[in-house]
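So the chains spell out like this:
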There are 2 protein chains.
Amino acid sequence: MQIFTPAKSSTTTFEKYESLIKEALEAVHKREHYSPFPEMPSPADYGEGAEAAQKAQFEAQLGAKFEHLKQSSDAWLESDEESPFTGKALKISYPAFSDVESYIAASQKAHEMWKHTDVKTRAGILVETLQQLKSHFFELAFATMHTTGQSYMMSFQASGPHAADRALEAIALGYSELTRFADRVSWEKPAGKFNLKLEKFGMNVGRGLALAIGCSTFPTWNTLPGLYASLITGNAVIVKPHPKAIYPIAIVIGVIQNVLKENGFDPNLVLLACDKSDNQITKKLAEHPAIKIIDFTGSNAFGNYVEGLPGKIVFTEKAGVNSIIIDSIDDLDAMAKNIAFSISLYSGQMCTAPQNIYVPESGIAVKDGHASLEDVEKAIVEQTRGLVEHPKAGHAVAGAIQSKATMERVLKAKDIGGKVLLESKPISNPDFPDAHTQSPVIIELNRDSRNLVKGEMFGPIVFIIPTKDTNESLELASKSARECGAITCGAYTQNEETMQKIALAMADASTAVSFNLTGGIYVNQNASFSDFHVSGGNPAGNASFTNPEFVVKRFVRVQSRIFVK
Amino acid sequence: MQIFTPAKSSTTTFEKYESLIKEALEAVHKREHYSPFPEMPSPADYGEGAEAAQKAQFEAQLGAKFEHLKQSSDAWLESDEESPFTGKALKISYPAFSDVESYIAASQKAHEMWKHTDVKTRAGILVETLQQLKSHFFELAFATMHTTGQSYMMSFQASGPHAADRALEAIALGYSELTRFADRVSWEKPAGKFNLKLEKFGMNVGRGLALAIGCSTFPTWNTLPGLYASLITGNAVIVKPHPKAIYPIAIVIGVIQNVLKENGFDPNLVLLACDKSDNQITKKLAEHPAIKIIDFTGSNAFGNYVEGLPGKIVFTEKAGVNSIIIDSIDDLDAMAKNIAFSISLYSGQMCTAPQNIYVPESGIAVKDGHASLEDVEKAIVEQTRGLVEHPKAGHAVAGAIQSKATMERVLKAKDIGGKVLLESKPISNPDFPDAHTQSPVIIELNRDSRNLVKGEMFGPIVFIIPTKDTNESLELASKSARECGAITCGAYTQNEETMQKIALAMADASTAVSFNLTGGIYVNQNASFSDFHVSGGNPAGNASFTNPEFVVKRFVRVQSRIFVK
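Our focus in this paragraph is the overall build of chain A. Per the secondary structure count, chain A includes 18 helices and 20 strands. Taken over the C-alpha trace, chain A has a radius of gyration of 25 Å; the compact-globule value for 565 residues is 24 Å, and the two agree within 12%. For the C-alpha atoms alone, the extent of chain A along its principal axes is close to 80 × 65 × 45 Å. For chain A, the proportion of its 565 residues judged to be buried stands at 60%. Contacts spanning at least 24 positions in sequence make up 76% of the contacts within chain A whose residues lie at least 6 apart.

Given below as structure tokens:
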């Protein structure tokens, strides 16, 4: 007897992607390097002329209606987006509903069919959306650049291949969890002269409607994991992007809706619900009783509000204070160069960027003997100055400042009370003379001025904090991670015992440590399939890309049974 | 380089139990019948003379200090426990601290070593505790009987083998999750002419201190899954039993503390924290900032309070209203007999016991043609009467009533406003003439009186609710599951389409359905390794014994990395 007949799509695409899904799942478990979507914008991988064509598409989109969505709507909403590189409004209009209830109703309707669709069909369709997204990676890059202020290269990588990697990771782990237990069981229990028999049928039930709340700096990279995790587990998703960064996620949603429609599903299964800065609908959506799951990336204040909503399954990435602990190092300049890059990359607007650098007052051991605190400070300052003043590398690494608030924060930082070691200056960008740029400010906070700074100072603002010794550095970094949250921690030490001590103490504060980075890898970078992004164990966020918890909380398992005479 | 040196116990017992853990894990995934702890109290399995010896131990324990704990304490607390079978106080004293902070401090100290102990050592030690617990199953049975009112057989099975099964299930799934990802990875990423290299080290970090809050009816069965899930994932646990049911879990904790000590660990890793009914310490413990995880079984009011505590990872099993939907049946009497047993078993004091039975007003199809509503009612009433009035089976199935509140509820139920089909009466028990017993009351609620009952009426109280048809029955049962919660649902139908409809609609309310139970299996029974207990998707509870979510939320994964030149 068949109780649960899986709903079938018209075009089943699971077989097409079965080997990719299994390969991705193996990578998830092995944590080795794996990268199915090429990260360089090369014509060999993405097609001759694709970049130029999509650049033209981007330019044509400015000032126009975004026509690539297949969702229901009753109005056009002109967004508040403006380019940090040109300072100009994008003037793009997106389809919208004029009330929250219409989003909920459309989402619920689309959910009916999807929730009873078998996981293989869902997995196939979702991987197909990523495959189709590949042919939009350049447009995505321009859209991301001109909303977030990321440089072109980072925009391409973060919003395109790296976001798709994270989405695939969520699909693969979701597929694994949904198929983990036998779903048809002939249960037989000896009971003396005869056996008791039951036929059991397992079924996974999505929690219902999900809300994905986007941020202004990584509009696809931070949204795709939750979006795809909710979809693979049988939920419908309403995406509420940041009002200043809609275009990139709109491209993704357009592709998803298209694939859904091609496969006979209601495209409203994933809805773009955008709004204006002065009239946001986020709370109305989040508090709606039909919304069961919320994914959020953004500020602590709003993140704590979302986490406190009763009866919701909530996944957050909030703010953290990331530390670097300098104990000893082989090559001082190589270390300083690595740190300079880390603090300059996207002008410190990555959630993984370091903020507080702890250095013993007495200096550190280096290859040639000893470097004083001043030597360490000077090395970091010089390497940073060299990078941001480099005519080509400077703006290519730093990009632009996304928001007015960040710009004001960095300009005011010099007055905070510490000793300014490096002042913040505009970074020249020949391609975009009006770009909103500002190089990192580096400030020393001595014992008396340490308390002037509490928590995160988002943007290119860096503090060097002299300490009694590495033990105190570790104590401060670990306390800060526990109390203010942390997503990353860098450490430099040539002593194995110290390394173990730092790793353990920071692990107890749920923070991973990157040791002795001196080459082309930076503390800011977390690799899909290998590095878990955010641990979920300190105030920087309660979720992790992508661990099992990130998918299993999105559905429940119901196993019914039939008595067999 | 080795960053994380696992702490080693003096006696590593993993190898001893490796095959059992792997067998259990395979069973968890296959969901077939599996039962490593024999469920019958037979001398062949548990030793000749064991029952008599442990009965004597139980009798000697009454009125005495419980000396089998190895935990720190500063006082003896005489409990409020009393036997529902004799009506007498047990007058057992347990070691206690006079303030909550002392429990926290002792727990934190014990946690230090355990949290850095490798998972294999933890798994071995935990399975060893279950093996040693086997030689206490008879004492556990007497202790359970004389605190909960369960019959002797149920006390043996529920508190002994079935609880141990559930504990093993949690250990096995925890072991699987903790060893799921590679914990040592040589990561290499091609970067043009050379490869970028990192050595990565994974580590699982328990959330910290856990609190397990027990209930009065299943003091070990409901507590062991969370207790063992917290332990295997690296947390310390404080167990706060119900003030009326301490003895059974004290036996378990005594065994665990003994094994911990034997293996060189601090026995305070699992602490009994008991209290008196009029001076409970539950809220003080639950709200303590050091408590990170809470497992709770009990009332909706307290469960909702616990779920609402900010910053805690909470697992609850609360109250639900379980339904039976009668649509059609082959053998009316066989069905009625099965239902009679289900509602009489432990006098309806199981969280899985049915309460509301929906029957179409026009009657149902049966093998011989048609049975009217009255025929169905009569069959259930007669079978129930026959069972509870049976001189041997009656008290053996029904046991005794655990609390005064339940006793008052069942005595008042006849005045609720419905039509009483079967009155509740004391059930005679020749072994215990003073036992607090009361047979099920069965009440018909017609269309006008339906609203007289809202939510759970805990105890042997059953309502037969006539409906327009099975569609309305399903609508009411599904609505009730969504709004009031449900842990089980029974259904009788000979129509495959109706079966599918019921299964799907109840699955959407996160409730598993048992179809056409007429033999020796009852809707109340959930089998370890095969049936998930509580779905976690409706108000009856937010957790499930034992799905992956039940273990993965108890720890975070931190993966550090070292740059390789």
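Next comes the rest of the description.
A few words on the interface of chain A and chain B. Opposite the 62 residues of chain A that make contact, chain B presents 61 residues. Per element, the largest residue contribution to the side of chain A that touches chain B is 8 residues, and it comes from strand 20 (residues 555-563) of chain A. A breakdown of the residues in the side of chain A that touches chain B according to their chemical character gives 28 nonpolar, 18 polar and 16 charged. Alignment of strand 19 (residues 513-515) of chain A against strand 20 (residues 555-563) of chain B, held across 2 bridges, turns out to be parallel. Looking at the pairing, Phe515(A) lines up with Ile562(B) of strand 20 of chain B.

Residues and elements named next belong to chain B. By the secondary structure assignment, Ile461 is in strand 17 (residues 461-467). Ile461 sits 48 residues away from Ala413 along the chain, and the two C-alpha atoms are 7.2 Å apart. For Ile461, the residues in contact, after removing those within four places along its chain, are Gly348, Gln355, Arg409, Val410, Ala413 and Val441.

Here we come to the confidence of the model for chain A. Averaged over every residue, the pLDDT of chain A is 96; residues scoring 70 or more account for 98%. The ipTM, which scores confidence in the relative placement of chains, is 0.96 for this predicted complex, and the corresponding pTM is 0.97.

Residue and element names in this part refer to chain B. An order of 7-6-5-8-9 is seen for the 5 strands of this open sheet, with the pairing classed as parallel. Strands at the two margins of the open sheet, each flanked by one partner only, are strand 7 (270-272) and strand 9 (313-317). The average undirected angle you get between the axes of adjacent strands in this sheet is 15°. Examined bridge by bridge, strand 8 (residues 291-297) and strand 9 share 5 bridges and lie parallel to one another. If you follow Ile293 over to strand 9, its bridge partner there is Ile313. Where helix 8 (residues 224-232) meets the sheet, its contacts fall on strand 5 (209-213), strand 6 (236-240), strand 8 and strand 9, and the angle it forms with strand 6 comes to roughly 160°. Docked against the sheet, helix 9 (residues 247-262) engages strand 6 and strand 7, running at close to 145° with respect to strand 7.

On to the pairing of strand 4 (residues 194-206) of chain A. All names here are of chain A. Pairing of strand 3 (residues 184-191) with strand 4 involves 8 bridges; the strand directions are antiparallel. Across the sheet, the residue bridging to Pro190 is Asn195, located in strand 4. As consecutive antiparallel partners, strand 3 and strand 4 are separated by 2 residues, and within that stretch Gly192 has a phi angle of approximately 75°, a positive value.

Turning our attention to the sheet that holds strand 4 (residues 194-206) of chain B. Ordered in space as 15(A)-16(A)-17(A)-12(A)-10(A)-18(A)-19(A)-20(B)-4(B)-3(B), the 10 strands form an open sheet in which the pairing is mixed. The open sheet has two free edges, formed respectively by strand 15 (419-422) of chain A together with strand 3 (184-191) of chain B, since each of these has just one partner strand. Here the average twist between neighbouring strands, direction ignored, is 25°. Two strands pair when backbone bridges link them, and strand 15 of chain A and strand 16 (residues 441-444) of chain A are joined in this way by 3 bridges, in the antiparallel orientation. Across the sheet, Val420(A) pairs through a bridge with Ile443(A), a residue of strand 16 of chain A. On the sheet, helix 17 (residues 496-508) of chain A packs against strand 10 (322-326), strand 18 (489-492) and strand 19 of chain A together with strand 4 and strand 20 of chain B and is oriented at approximately 160° with respect to strand 19 of chain A.

All names here are of chain A. Following the sequence through the fold, Gly348 ends up in the loop between helix 12 (332-344) and strand 12 (354-360). For the pair Gly348 and Met457, spaced 109 residues apart in the sequence, the C-alpha separation amounts to 9.6 Å. Setting aside residues no more than four positions away along its own chain, Gly348 makes contact with Ile343, Ala353, Pro440, Gly459, Pro460 and Ile461.

Each copy of the chain is related to the other by a rotation around an axis and a translation along that axis. Relative to chain B, chain A is turned by 180° and slid 0.0 Å along the rotation axis, the superposed coordinates differing by an RMSD of 0.0 Å. Taken together, the rotation and translation relating the two chain copies correspond to the operation of a two-fold axis. When each C-alpha of chain A is compared by its distance to the rotation axis, Glu549(A) comes out closest, at 3.2 Å. A shared interface surface links the copies, since 98% of the contact residues of chain A are contact residues in chain B too.

The next point concerns helix 4 (residues 100-115) of chain B. Three- or four-residue spacings in an α-helix give side chains the same orientation, since the helix completes a turn every 3.6 residues. Residues and elements named next belong to chain B. For helix 4, with 16 residues, the first-to-last C-alpha span of 22 Å sits near the 22 Å given by 1.5 Å per residue. Among the residues making up helix 4, those that are buried are Tyr103, Ile104, Ala106, Ser107, Ala110, His111, Trp114 and Lys115. Residues of helix 4 that are buried in the fold lie against strand 4, strand 5, strand 6 and strand 7.

Glancing now at helix 9 of chain B. Residue and element names in this part refer to chain B. If you check helix 9, its first and last C-alpha atoms are 23 Å apart, about what 16 residues at 1.5 Å a residue would give, namely 22 Å. Burial analysis of helix 9 places 13 of its 16 residues in the buried class, the great majority of the element. Gly264 occupies a position one or two residues after helix 9 and carries a positive phi of about 85°.

This part takes up the packing of helix 1 (residues 14-30) of chain A against helix 7 (residues 152-178) of chain A. All names here are of chain A. Contact geometry of helix 1 with helix 7 gives a least axis separation of 9 Å together with a crossing angle of 90°. Taken together, helix 1 and helix 7 sit at an angle that is classed as roughly perpendicular. Contact with helix 1, carried on its side by Ile21, Ala24, Leu25 and Val28, involves Leu168, Glu169, Ile171, Ala172, Leu173, Tyr175 and Ser176 of helix 7 and no other residues of that element. Here the residues of the contact of helix 1 with helix 7 are counted per class, giving 9 nonpolar, 1 polar and 1 charged.

So, on to the domain arrangement of chain A. Residue and element names in this part refer to chain A. In terms of domains, chain A is made up of domain 1 (14-33 + 62-318 + 543-563) and domain 2 (322-515). Domain 1 and domain 2 are separated by 34 Å when their C-alpha centres are compared. Listed per partner, the contact involves 14 residues of domain 1 and 15 residues of domain 2. The class makeup of the residues in the side of domain 1 that touches domain 2 is 4 nonpolar, 8 polar and 2 charged.

Now for unusual backbone geometry. The omega torsion across Phe545(A) and Thr546(A) is -25°, close enough to zero to call that bond cis. Within the secondary structure, Thr546(A) is located in the loop between strand 19 and helix 18 (548-552). Even without glycine at this site, Asn516(A) takes up a positive phi of about 55°. Assessed through the 23 C-beta atoms surrounding it within 10 Å, Asn516(A) is described here as buried. A positive phi is found at Phe529(B), a non-glycine position, where the angle reads about 70°.

With that out of the way, let us pick up the nonpolar core. Judged by nonpolar contacts, the single largest core of 368 residues is most densely connected at Ile171(A), Val239(A), Ile171(B) and Val239(B). Among residues more than four places away in sequence, those in contact with Ile171(A) are Ile21(A), Ala123(A), Leu126(A), Val127(A), Tyr228(A) and Ile232(A).

The subject of this paragraph is the packing of helix 5 (residues 119-133) of chain B against helix 8 of chain B. Packed helix pairs are characterised by how far apart their axes lie and by the angle those axes make with each other. Residues and elements named next belong to chain B. In contact at an axis separation of 9 Å, helix 5 and helix 8 are set at 150° when each is read in the N-to-C sense. Considering their axes alone, helix 5 and helix 8 lie roughly antiparallel with respect to each other. For the pair formed by helix 5 and helix 8, the contact residues are Arg122, Ala123 and Leu126 on the first element and Tyr228, Leu231 and Ile232 on the second. Considering only residue class, the contact of helix 5 with helix 8 consists of 5 nonpolar, no polar and 1 charged.

All names here are of chain A. In this fold, Gln108 is placed in helix 4 (residues 100-115). The partly exposed category is assigned to Gln108, around which 14 C-beta atoms lie within 10 Å. Sequence separation between Gln108 and Glu456 is 348 residues, and the spatial gap between their C-alpha atoms is 39 Å. Sequence-distant contacts of Gln108, defined by excluding residues within four places in its chain, comprise Leu209 and Ala290.

Cut-offs applied
Here the residue numbering is sequential within each chain, running from 1 through the sequence in written order. Each chain gets a letter, beginning with A, and each ligand a number, beginning with 1, in the order they are written. At least 70 in pLDDT is required for a residue's local features to be given in this predicted model, at least 80 for side-chain atom pairs to be given and counted, and no such filter applies to totals for whole chains, interfaces and linings, which use all residues. Helix and strand assignments come from DSSP, with helices taken as H or I runs of at least 4 residues and strands as E runs of at least 2, each series counted from the N terminus. The atom set for the radius of gyration is the C-alpha atoms, and the globule formula is 2.2 Å times the number of residues raised to the power 0.38. Labels follow a simple rule on C-beta atoms placed from the backbone: if 20 or more others lie within 10 Å of a residue's own, it is buried; if 12 or fewer, it is exposed; otherwise it is partly exposed. Contact definition: two residues whose C-beta atoms, as placed from backbone geometry, lie within 7 Å. When residue character is reported, Ala, Val, Leu, Ile, Met, Phe, Trp, Tyr, Cys and Pro are called nonpolar, Asp, Glu, Lys and Arg charged, and the others, Gly included, polar. We call two strands paired when DSSP finds no fewer than two bridges between them. Values of pLDDT, which run from 0 to 100, indicate the predictor's confidence residue by residue. Fitted lines through C-alpha atoms serve as axes, helices being fitted only where they are in contact, and the angles separating the N-to-C directions of these axes extend from 0 to 180 degrees. To superpose the copies, least squares is applied to the C-alpha atoms of every residue with a pLDDT of at least 70 in both. Expected helix span is taken as 1.5 Å per residue step, with the number of steps being one fewer than the number of residues. Roughly parallel refers to an angle under 35 degrees, roughly antiparallel to one over 145, roughly perpendicular to one between 65 and 115, and oblique to any angle outside these ranges. Those domain boundaries reflect an automatic or database domain assignment. In plain words, the nonpolar core is the set of buried Ala, Val, Leu, Ile, Met, Phe, Trp, Tyr and Cys residues that C-beta atoms within 7 Å link up.

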